[in-house]
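Understanding the architecture of this molecule
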Amino acid sequence: MSKALTKALVVGGLVVLAAGALTIGRPVPQRSAGHVFTDTLPAAPVIAVRTDTIHKGEPLLAVLQRTGLGLDEANRAIAGLELLDARKVRAGTEVVAQVHPDSGVQHVTFQLAIDRVVKLARTTTGWTETEERLPWTTDTVAVAGVVASTLTGAIVTAATEFPERVRTELAYGIADVLEYRIDLSRDLRVGDSISVLVERETAPNGYVRPGRILATRAKVAGNTLEATRFDDAEGRAQFYDADGKSLRAAFLRAPLEFRRISSVFGSRKHPVLKTWRQHNGLDYAASTGTPVRAIGNGKVIFAGWKGGYGRTVEIRHNNGMVTRYGHLNSIARGIRSGASVSIASTIGTVGMTGLATGPHLHFETLINGVHRDPRTALRNVGGEPLPSKDKAAFALRRNALFADLSARVYAMQDRNAPLTVPGAAGIRRVEARAAGAGN
Ligand SMILES: [Zn+2]
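Moving on, we come to the overall build of the protein chain. Per the secondary structure count, the protein chain includes 8 helices and 22 strands. Here the protein chain, with 439 residues, has 44% of them falling under the buried criterion. Within the protein chain, contacts between residues separated by at least 24 positions form 62% of all contacts whose residues are at least 6 apart in sequence. Carbon and sulfur atoms form 53% of the exposed surface of the protein chain, whose accessible area is close to 22300 Å².

Burial analysis of helix 4 (residues 151-158) places 6 of its 8 residues in the buried class, the great majority of the element. Among the residues of helix 4, those classed as buried are L151, T152, G153, A154, I155 and A158.

Core analysis: the largest hydrophobic core is formed by 32 residues, its most contacted members being V143, F162 and L178. Secondary-structure elements contributing two or more residues to this core are strand 7 (137-146), helix 4, helix 5 (164-178), strand 8 (193-202), strand 9 (208-220) and strand 10 (223-229). The leading source of residues in this core is helix 5, at 8 residues. With near-sequence residues (within four places) excluded, V143 lies in contact with I155, A158, A159, E161, F162, L170, I194, S195, V196, V198 and M412. In this structure, L252, I261, V292 and L328 belong to the second largest nonpolar core, which totals 27 residues.

Mapping H362 onto the fold places it in strand 20 (residues 360-367). Residue H362 is classed as buried on the basis of its relative accessible area of 0%. For H362, the side chain forms a polar contact with the side chain of E364, separated by 2.7 Å.

Look at helix 5: 22 Å from first C-alpha to last across 15 residues, which is about the 21 Å you get at 1.5 Å a residue. Those residues of helix 5 not exposed but buried are V166, R167, L170, A171, Y172, I174, A175, V177 and L178.

What follows concerns the packing of aromatic side chains. Under the defined criterion, the tally for this structure stands at 6 aromatic pairs. Residues Y240 and F394 carry aromatic rings whose centres are separated by 5.8 Å and whose planes lie at 70° to one another, so their mutual orientation is edge-to-face. Of the two residues, Y240 sits in strand 11 (residues 239-240) while F394 sits in helix 8 (residues 388-415), which places them 154 residues apart along the sequence. Each member of the pair, Y240 as well as F394, is classed as buried. Ring plane angle 45° and centroid distance 5.3 Å describe the contact between Y325 and F363, whose orientation is recorded as tilted. Of this pair, Y325 sits in strand 16 (residues 322-328) while F363 sits in strand 20, placing them 38 residues apart in sequence.

With antiparallel pairing, the 3 strands of this open sheet are ordered in space as 13-19-17. In this open sheet, the two strands that pair with only one neighbour each are strand 13 (291-293) and strand 17 (330-331).

To continue, consider the confidence of the model for the protein chain. In this model, the protein chain carries an average pLDDT of 81, and 79% of its residues clear a pLDDT of 70 or more. The low-confidence segment residues 418-439 (pLDDT under 50) makes 59 contacts with residues lying over four places distant or belonging to another chain.

Orientation of helix 2 (residues 60-67) relative to helix 3 (residues 71-78), taken along the N-to-C sense of each, is 125°, at an axis distance of 9 Å. Between helix 2 and helix 3, the angle falls in the class oblique. In terms of crossing hand, the pair formed by helix 2 and helix 3 is right-handed. The segment helix 2 lies against helix 3, with L60, L61, L64 and Q65 engaging L71, A74, N75, A77 and I78. Among the residues making up the contact of helix 2 with helix 3, the classes are represented as 7 nonpolar, 2 polar and no charged.

Right, let's talk about the side chain of T93 for a bit. Inspection of the secondary structure assignment puts T93 in the loop between helix 3 and strand 3 (94-100). Note on T93: relative accessible area 7%, which makes it buried. Separated by 2.6 Å, the side chain of T93 and the backbone oxygen of R90 make a polar contact. If sequence neighbours within four positions are ignored, T93 has contacts with D52, T53, I54, Q111 and L112.

With that settled, the discussion passes to the pattern of salt bridges. By the definition in use, this model includes 25 salt bridges. We note a salt bridge from R212 to E199, for which the minimum N-O separation is 3.0 Å. Within this pair, whereas R212 is found in strand 9, its partner E199 is found in strand 8, the two being separated by 13 residues in sequence. Overall, R212 belongs to the partly exposed group, its relative accessible area being 36%. Since its relative accessible area comes to 11%, E199 is described here as buried. D231 is the partner of R212 in a salt bridge, and the nearest nitrogen-oxygen pair spans 3.9 Å.

Rules used in this analysis
Residues numbered from 1 in each chain as written. Predicted model: local features only at pLDDT ≥ 70, side-chain atom pairs only at ≥ 80, totals over all residues. Heavy atoms only, no water. Helix = DSSP H or I, 4+ residues; strand = E, 2+ residues; numbered from the N terminus. Buried < 20%, exposed > 50% of the residue type's maximum accessible area, 1.4 Å probe, protein only. Contact = heavy atoms within 4.5 Å. Areas by Shrake-Rupley, 256 points an atom, 1.4 Å probe, with all protein chains shown as cover. Core = buried A, V, L, I, M, F, W, Y, C linked by side-chain atoms within 4.5 Å. Polar contact = N/O pair within 3.5 Å; in protein donor to acceptor, adjacent residues only side chain to side chain. Expected span 1.5 Å × (residues − 1). Phe/Tyr/Trp six-rings, centres within 6.5 Å; stacked < 30°, edge-to-face > 60°. Pairing = 2+ DSSP bridges. pLDDT = per-residue confidence, 0-100. Axes fitted to C-alpha atoms, helices over the stretch in contact; angles between N-to-C directions. Parallel < 35°, antiparallel > 145°, perpendicular 65-115°, else oblique. Left-handed = near helix turned anticlockwise from the far one by under 90°. Nonpolar A, V, L, I, M, F, W, Y, C, P; charged D, E, K, R; others polar. Salt bridge = Lys/Arg side-chain N within 4 Å of Asp/Glu carboxyl O.

What follows is the structure in C-alpha cells.
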C-alpha cells in the first residue's frame, strides 16, 4: 500500500479499510454496472487501522491495551522488549495498530522519530520486535540571492528549493560560515549577492531541511569571498577561502551573533541611536537581553559603570587591541578585571544603560589608546592556511564545488531572465524590498 494512502486512511483515528483496498494489483473480473458480485472473490479480511498517540506518562502496557490488545496479550507483547525502551518513548509518539477482524491486533508500530519505526508483530509463537530505519535522502541544490536589505531577506526569497519554515535557518547557517570575515548585519549593501551550494535532506515523510553547506560565494562591496567546506582529519567542518586559508580567525567581525539580531534590522537607523554625539564606535540595535560576545580571546581590563557608556566591559586582546562594549544591561558572571575570555564567549547582554535612549550595543576598538574603525581593525585577511599535504585535495574539491555552483546559478539565470538588478549577472531571484539598506 502506498505511503500516501496509509497516511490518508489513518487520519482521524479508527479507519476501516474496505476489502477492495487490499486486493490492489489482483485482476478484477468484469462486471455489469450496478452489480457487485462479492461471492466471486475470496473474502478479504477487513483490517482496521488504529492510529493514536502516546499520552504523557502513559505506560506502554496501557498504550497497547488502548490499541485493542487484552491485558494478557499486551503483557506478552512487551515481555522482552529491547528496541522499544518504555522509558524512552515520548508522549506524542504515534502508534499505529492493525487489527484483524478475527484474530485481533496483528502488529503495532511506534513512530519513534521521522526516520525510525519499531514494529511489534504477532506471530504463531509470540511477538517479534523489529526496527526500521527509514533513510533520509540527500541531494545538492544551489541557492543564489541578491541583497535588497538583509541576508535573511535575500535567502528567504531565493531559497525556493526549501520550505519557507527552514529558509531563515539556512541564512543563519550561511552567516555562521562567514562570521569571521563579514559583519552580515552591517557590511551588506543593495546588490551584493550570495550564492551557496547546500545539501538538501528529505525525510521519509517528505520533511525537508538544509544539510551541510558545501560552498558559498559572497560578493560584498565589490569583493568576493569564497568559502569551501573541507573537513579536517577529525571530521570537523572547516571552511577555507580561495587561497586555502581558514575562515576561522583571531577575531569575529561582530560582537552580536547574526541570528540574534537579524530580526531588528528595521530599527538599525532608529533616531535614538544618533542622540549620543560623542561617537567613536559602531552601534548594533538589538533587543535588551541579547547576548554580547567577546570578539576575540583576551583579558578583561574593565567591567563596571563608565559614565555615558553605562555598564561597560573592556577587553585587551593578545595583539594589544582593546575592545569596548557599552550600554550593557548586565555583565556576565565571572567577567571582572583580570578574567580571561575566549572568542565568542558571552560577556554580558544588550541594554540601554548610560547615555542611550534605546537598547543597543555600543562597540569600539582601540589600538594604542586610539579609536579605530572596527571595520578596519577587525578585517581578517585569513586564518591558518591548510596543511600542505591537503592542498592538492582541497584545490580539486574547491574547483569541483564552484564549477557545480556556477553551472547551477547560470542555469537558473537562463530560465529566469530578465534580471532586474543591474550588475547581478548570474543571479536569478531578486528580493523585492529595497528599503532599509545602505549606510
Ligand atoms: Zn554608539
